[in-house]
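Descriptive structure summary
Letter by letter, the chains look like this.
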Amino acid sequence: MGIRQIIALTGLTVAIMFVLSVAWKFWLPEPFTVSFIARDGTELLNERWRFVFAVVGFSIIGLLLPTTLFIRSAMAERRKQREQELGEERYRALVELSPEAILIHQDGRVLYANPAAVGLLAADSLEDLTGRLLLDFIHPDYRERATSRLQALMDGAARVPLVAMKIVNMNGDVRDIEIMAGLTVYQGKPANHSVIRDITARKVAEARLRDAVENVADGFVLWDSDDRLVLMNGRFKQLFPDIAKTMKPGIRFEDSLRMFIRQGLVPVAGGDVETWTAERIEQHRNPDEPYELHLADQRCLLVSERRTGDGQTVSTFTDISERVRSQEQLRDSEKQLREILQISPIGVGITRLSDARLVFANTKLAKLFGYKLEELRGFNTIRFMADRKERREILRALSRDGHLLNQEVERTRQDGTSIWFQLSMELITFEGEQSVLWWAYDITGQKQIREQLAQLANYDMLTGLANRRLFQDHLRRTLARTRRRGGIGALLYVDLDGFKEVNDTLGHGFGDSLLAESGKRIQACVRESDLVSRMGGDEFTLIVEEMPDDSSAETVAEKVLLALSLPFIRDGKEASISASIGIAYFDGKRPDGDVLLREADRAMYRAKNEGRHTYRVFDPQADALDTERLV
């Protein structure tokens, strides 16, 4: 409420009170007197005060009412202003600490950039970016798209969607990014903000994964968490050339099934298409054991599906038509069995049940294990097994079911190298004796693909250390164990001092080498049970669990400082850096890993502000003073 409104309200109130006073004068009974009597009973004053009393009383009330409203309005306005100031401070702090690059711009020119954006664009400071046109950093191939997005923002669009494009930073490096933008307010004026994520490393990893997938001998298909096609390799296209032409990235799994049916590739039992489709979708969403897919052209594929940690599905298609045909011919004659199995592309052996010795082995089996075919005649297959316990379990399964299907086992070749098989067995009668027919398919390539997927999901590509995702999962489990068992532990946050200067002067190659070597040096300072991870950039974390005393973390910090202070040498060039380390302790009472990480981060910044090449333990009082000083 403004001062003019208060004055107007005051005048109106006094006028109303005056009218009420006049009315009261005629309303009160006669006489209305006010007397003032001394202690001795003498009457000091006796006059008619009705009208004067009413005027004065109601006027006072009339003045107090708007005054009270004015005070309350002023207090509310001040409280609202203070809350707004606090909100802006918190927002700025979040933006400053964000790992995502954030730019605030107006009419296409930069007004503000957070530290992550300064680093991404390879600027020395915010001042180098202020006033620059955003389009100066857009790769020429994407400038037209970026121009239309900026124009939409300037025309008042609330936001523009997330897209992928390329930028060129101030060093001339091309980076792959994802960017989204929308409206905001900066220093009280309308502006736009853009949030940028650097996906260069992810693009490189995806390219490597695609190369690895293309070299797999089996058909390979990757579906995302929404069961939409992500990629398929060349072998899958060879298996289904007509289907592959119409299966584009983004197609739903259900739609691809119906394409198989429409083109007559899959004979649907009983003609019930909907039931078959529903069962196949359920099998895809909840994969169990590999299964055989019989096609209308008499081919048979072994389909194996696995869910990844992020909900995607990996499907592999192995053409086992030859194996299936071989199994059918086995029932006709043992002679035909030998002839067919000898040329089988799958390793096949027949073992006597009584003594586990090979009575038949094909060339493929000998090649897989690195033996000559003659050496396998009479070979004791127990030597192939991990231990006698495994043999007992196999015999128990064969006795119970008569077969053992699609078991993944690891074996050792003659030269000592390891190989992974998908192993199946079946009880048969061969040459008049109870025997075991077994066939082994080499799935070493598939295992390597799975390991690569796990590596991409949980480990940093440059250093080989745990990434942020694995760090967060390990920290959560560590805190849970500490709550159950008791004891103390510590989280150390390490930031390399001077890394940017080394990276700028000696090049990114030297910088990458320095980061990888730093990771190795830090890893050497802790136990095998402790976790070292790279959080991004030149920042690392250490989770030290079950410490003997509360000074052990400081001992580790001193080791890390010493290790990182030694020179880094590569290709005749030498560089030196230091480190700032923050330590936050935890025990069974710490429920929140995010809070613990913030405490270690704040302690690290205190170490950096107090001279670098040192460590600081998180102190709530010191942190409060730092926060107050910033405010």
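In the block above lies the structure referred to throughout.
This write-up is about the structure you can find in this document.

Procedures and definitions
- Residues numbered from 1 in each chain as written.
- Predicted model: local features only at pLDDT ≥ 70, side-chain atom pairs only at ≥ 80, totals over all residues.
- Heavy atoms only, no water.
- Helix = DSSP H or I, 4+ residues; strand = E, 2+ residues; numbered from the N terminus.
- Contact = heavy atoms within 4.5 Å.
- Areas by Shrake-Rupley, 256 points an atom, 1.4 Å probe, with all protein chains shown as cover.
- Pairing = 2+ DSSP bridges.
- Axes fitted to C-alpha atoms, helices over the stretch in contact; angles between N-to-C directions.
- Expected span 1.5 Å × (residues − 1).
- Buried < 20%, exposed > 50% of the residue type's maximum accessible area, 1.4 Å probe, protein only.
- Arc of directions from axis to C-beta.
- Phe/Tyr/Trp six-rings, centres within 6.5 Å; stacked < 30°, edge-to-face > 60°.
- Lys NZ or Arg CZ within 6 Å of the ring centre and 35° of its normal.
- Polar contact = N/O pair within 3.5 Å; in protein donor to acceptor, adjacent residues only side chain to side chain.
- Nonpolar A, V, L, I, M, F, W, Y, C, P; charged D, E, K, R; others polar.
- Left-handed = near helix turned anticlockwise from the far one by under 90°.
- Salt bridge = Lys/Arg side-chain N within 4 Å of Asp/Glu carboxyl O.

Points about the overall build of the chain
From N to C terminus, the chain includes 20 helices and 24 strands. A fraction of 51% describes how many contacts in the chain between residues 6 or more apart in sequence connect residues 24 or more apart. Roughly 35,100 Å² of accessible area belongs to the chain as shown, and the carbon and sulfur atoms make up 53% of that amount.

What about the sheet that holds strand β18 (residues 488-497)?
With mixed pairing, the 5 strands of this open sheet are ordered in space as β19-β20-β18-β23-β24. Of all strands in the sheet, those bounded by a partner on one side alone are β19 (531-536) and β24 (614-617). Averaged over all neighbouring strand pairs, the angle between strand axes comes to 20 degrees, with direction disregarded. Bridge analysis of strand β23 (residues 578-587) against β24 gives 4 bridges, and the strand direction is parallel. Across the sheet, the residue bridging to I581 is Y615, located in β24. Along the sheet, helix α18 (residues 552-565) makes contact with β18, β20 (539-544), β23 and β24, crossing β23 at roughly 165 degrees.

Considering the sheet that holds strand β17 (residues 433-442)
Here 5 strands make up an open sheet; going across it, the order is β14-β13-β17-β16-β15 and the pairing antiparallel. Lying at the two open borders of the sheet, with one neighbouring strand each, are β14 (358-361) and β15 (403-412). On average, each strand axis in the sheet is tilted by 25 degrees relative to the strand beside it, whichever way the strands run. Two elements, strand β13 (residues 347-352) and β17, share 6 bridges in a ladder whose sense is antiparallel. Paired with I350 across the bridge in β17 is L437. The sheet contacts of helix α13 (residues 388-401) involve β15, β16 (418-430) and β17, and relative to β15 the element is tilted by about 165 degrees.

As for helix α9 (residues 273-285)
The periodicity of an α-helix, 3.6 residues per turn, causes residues three or four places apart in sequence to face the same way. Taking 1.5 Å as the rise per residue, α9 with 13 residues should run 18 Å; its terminal C-alpha atoms sit 18 Å apart, in good agreement. Every buried residue of α9 is accounted for by W276, T277, R280, I281 and H284. Down the axis of α9, the sector holding all buried residues measures 135 degrees, keeping them to one side. Where α9 is buried, its residues meet β8 (219-223), α8 (253-262), β10 (291-294), β11 (300-307) and β12 (313-319).

Some remarks on the packing of aromatic side chains
Scanning all chains against the criterion turns up 7 aromatic pairs. Put simply, the rings of F236, F240, F260 and F317 pair up and form one aromatic cluster. The lysine or arginine in question, R521, covers the ring of F568, its NZ or CZ lying 3.8 Å from the ring centre.

Notes on the side chain of D460
Following the sequence through the fold, D460 ends up in the loop between α14 (444-458) and α15 (468-485). Here T463 takes part through its side chain, which lies 2.8 Å from a polar atom of the side chain of D460. Not counting residues within four places of it along the chain, the set of residues in contact with D460 comprises L465, A466, N467 and R534.

A few points about helix α4 (residues 143-154)
Over its 12 residues, α4 runs 16 Å from end to end, which matches the ideal 16 Å to within 8%, given 1.5 Å per residue. Packing partners of the buried residues in α4 comprise β3 (101-106), β5 (159-168), β6 (174-186) and β7 (189-198).

Considerations on the packing of helix α16 (residues 499-506) against helix α17 (residues 508-523)
It is at 6 Å that the axes of α16 and α17 come closest, and there the two elements cross at 140 degrees. Contacts between α16 and α17 pair F499, V502, N503 and L506 from the former with H508, F510, G511, L514 and L515 from the latter. Of the residues belonging to the contact of α16 with α17, the class tally is 6 nonpolar, 3 polar and no charged.

Focus on the pairing of β19
A large share of β19 lies buried, amounting to 5 of its 6 residues. Bridge count between β19 and β20: 5 bridges; the pairing is antiparallel. Looking across to β20, one finds that S533 is bridged to T541.

Focus on the packing of α17 against α18
Relative to each other, α17 and α18 sit at 145 degrees, their axes nearing to 9 Å. Crossing of α17 against α18: the hand is right-handed. Residue-level inspection shows S518, R521 and I522 of α17 in contact with α18, the latter providing V560, A563 and L564. The class makeup of the residues in the contact of α17 with α18 is 4 nonpolar, 1 polar and 1 charged.

Digging into the pattern of salt bridges
Inspection of the entire model under this criterion finds 29 salt bridges. With a closest N to O distance of 3.2 Å, D460 and R534 form a salt bridge. Taken together, the residues span a long stretch of sequence, with D460 in the loop between α14 and α15 and R534 in strand β19 at a distance of 74 residues. The two residues D460 and R534 agree in class, both being buried. For E517, the salt bridge goes to R521, with nearest N and O atoms at 3.3 Å. Of this pair, E517 and R521 are both found in helix α17, 4 residues apart, which corresponds to roughly one turn of the helix.

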